[in-house]
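Observations on chain architecture
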Amino acid sequence: ACRGAQKAGKPILMFKIGGSAASRAAALAHTGALAGSTEVFDAVAGQSGVVRLDSLDHIVEAAEYFLHAPAPKGRRATAITLSGGFKGLLLECADRNGVIFPELAPETLTALKTVLGDDVTLGNPIDGGFTVVSSRESYYKCIDILAADKNTDVLILQEELPRFDTADRKAENLRGMEKRVAGGGPKPFAVLSKI
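The structure contained in this document is the topic of the report that follows.

What counts and what doesn't
- Residues numbered from 1 in each chain as written.
- Predicted model: local features only at pLDDT ≥ 70, side-chain atom pairs only at ≥ 80, totals over all residues.
- Heavy atoms only, no water.
- Core = buried A, V, L, I, M, F, W, Y, C linked by side-chain atoms within 4.5 Å.
- Buried < 20%, exposed > 50% of the residue type's maximum accessible area, 1.4 Å probe, protein only.
- Helix = DSSP H or I, 4+ residues; strand = E, 2+ residues; numbered from the N terminus.
- Contact = heavy atoms within 4.5 Å.
- Pairing = 2+ DSSP bridges.
- Axes fitted to C-alpha atoms, helices over the stretch in contact; angles between N-to-C directions.
- Parallel < 35°, antiparallel > 145°, perpendicular 65-115°, else oblique.
- Nonpolar A, V, L, I, M, F, W, Y, C, P; charged D, E, K, R; others polar.
- Polar contact = N/O pair within 3.5 Å; in protein donor to acceptor, adjacent residues only side chain to side chain.
- Salt bridge = Lys/Arg side-chain N within 4 Å of Asp/Glu carboxyl O.
- Phe/Tyr/Trp six-rings, centres within 6.5 Å; stacked < 30°, edge-to-face > 60°.

Below, the discussion takes up the nonpolar core. In this structure, Ile80, Tyr139, Ile143 and Leu157 are the most contacted members of the largest nonpolar core, which totals 21 residues. Sort the elements by how many residues they give to this core and helix 8 (residues 136–147) lands first, with seven residues. Among all residues touching Leu157, those that are not within four sequence positions of it are Ile80, Tyr139, Ile143, Met177, Phe189, Ala190, Val191 and Leu192. By size, the runner-up hydrophobic cluster in this structure holds 11 residues, among which are Leu90, Phe101, Val154 and Ile156.

Right, dumping it as structure tokens:
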């Protein structure tokens, strides 16, 4: 069934108990040998297109993503954030989940420098700082530049938190992102918030 879904391009999202020794012991009382090594399960199920998640909340978030975007072609991500703290959080989560933030292509870095200026330290993820917070045009330019980067498979965007003119500004930024996604860009987008 999993291989059939994979051939049809449909992901299977799974929340599986039995990851810890204690939960495996509890599961043995109900499902016997089905509660085996998580590493073995991940290896076998992952080859069949199963995406194993760690909580019911993660299942809901993943389902929301897959309802609106195709699966990335690989594990290489690029991101634009509005703070160094969120950049660090993304890197930590990526490490735990096998996501890679590769070096951006030289032409991507050159284009970003023209938008963000010399004061921003470029890398992946990008901390766009004040420039992307203060200028919608700069924010959109950065999104377009990162979406075209040939070294990555998915673009992660930090949703702008309510600032200055609050909800109106936030809604307009999200509409701008939505237009780019609806236009069938070169790679899928994921919008995150640290709220």
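A few words on the sheet that holds strand 3 (residues 77–81). What the four strands build is an open sheet, ordered 4-3-5-6; its pairing is parallel. The open sheet is flanked by strand 4 (126–127) and strand 6 (189–192), the only strands paired with a single partner. Alignment of strand 5 (residues 154–158) against strand 6, held across four bridges, turns out to be parallel. Across the sheet, Ile156 pairs through a bridge with Ala190, a residue of strand 6. In the packing of helix 5 (residues 84–97) onto the sheet, contacts are made with strand 3, strand 4, strand 5 and strand 6, and the angle to strand 3 comes to roughly 160 degrees.

Between helix 6 (residues 106–116) and helix 8, the shortest axis-to-axis distance is 10 Å and the interhelical angle comes to 180 degrees. Our classification of the angle between helix 6 and helix 8 gives roughly antiparallel. On the side of helix 6, the interface is formed by Thr108, Ala111, Leu112, Val115 and Leu116, while helix 8 contributes Ser138, Lys141, Cys142, Ile145 and Leu146. Taken together, the residues of the contact of helix 6 with helix 8 sort by class into seven nonpolar, two polar and one charged.

To continue, consider the side chain of Thr152. Within the fold, Thr152 resides in the loop between helix 8 and strand 5. A distance of 3.3 Å separates polar atoms of two side chains, one belonging to Thr152 and the other to Lys187. When neighbours within four sequence positions are excluded, Thr152 is seen to be in contact with Arg76, Ala77, Thr78, Pro102, Leu104, Asn124, Leu146 and Lys187.

Attention shifts here to the pairing of strand 5. Within strand 5, five of the five residues are buried, which leaves it mostly tucked inside the rest of the structure. Side chains of strand 5 alternate between two faces, with Val154, Ile156 and Gln158 and Leu155 and Leu157 buried alike. For strand 3 and strand 5, the ladder comprises four bridges, and the chain directions are parallel. If you follow Thr78 over to strand 5, its bridge partner there is Leu155.

This brings us to the pattern of salt bridges. This model, assessed by the stated rule, comprises five salt bridges. Salt-bridge contacts for Arg76 lead to Asp153; the nearest nitrogen and oxygen are separated by 2.9 Å. Taken as a pair, Arg76 in the loop between helix 4 (56–68) and strand 3 and Asp153 in the loop between helix 8 and strand 5 lie far apart in primary sequence, 77 residues in all. For Arg76, a relative accessible area of 31% corresponds to the partly exposed category. Between Lys141 and Glu137 there is a salt bridge; the shortest N-O distance is 3.2 Å. Residue Lys141 and its partner Glu137 are located together in helix 8, separated by four residues, close to a single helical turn.

The subject of this paragraph is the packing of aromatic side chains. Each aromatic ring pair is characterised by the separation of its centres together with the angle its planes make. The tally for this structure, following the rule as stated, stands at two aromatic pairs. With a centroid separation of 5.2 Å and an interplanar angle of 85 degrees, the aromatic rings of Tyr65 and Phe66 are classed as edge-to-face. Note on Tyr65: relative accessible area 19%, which makes it buried. Overall, the relative accessible area of 25% leaves Phe66 in the partly exposed class.

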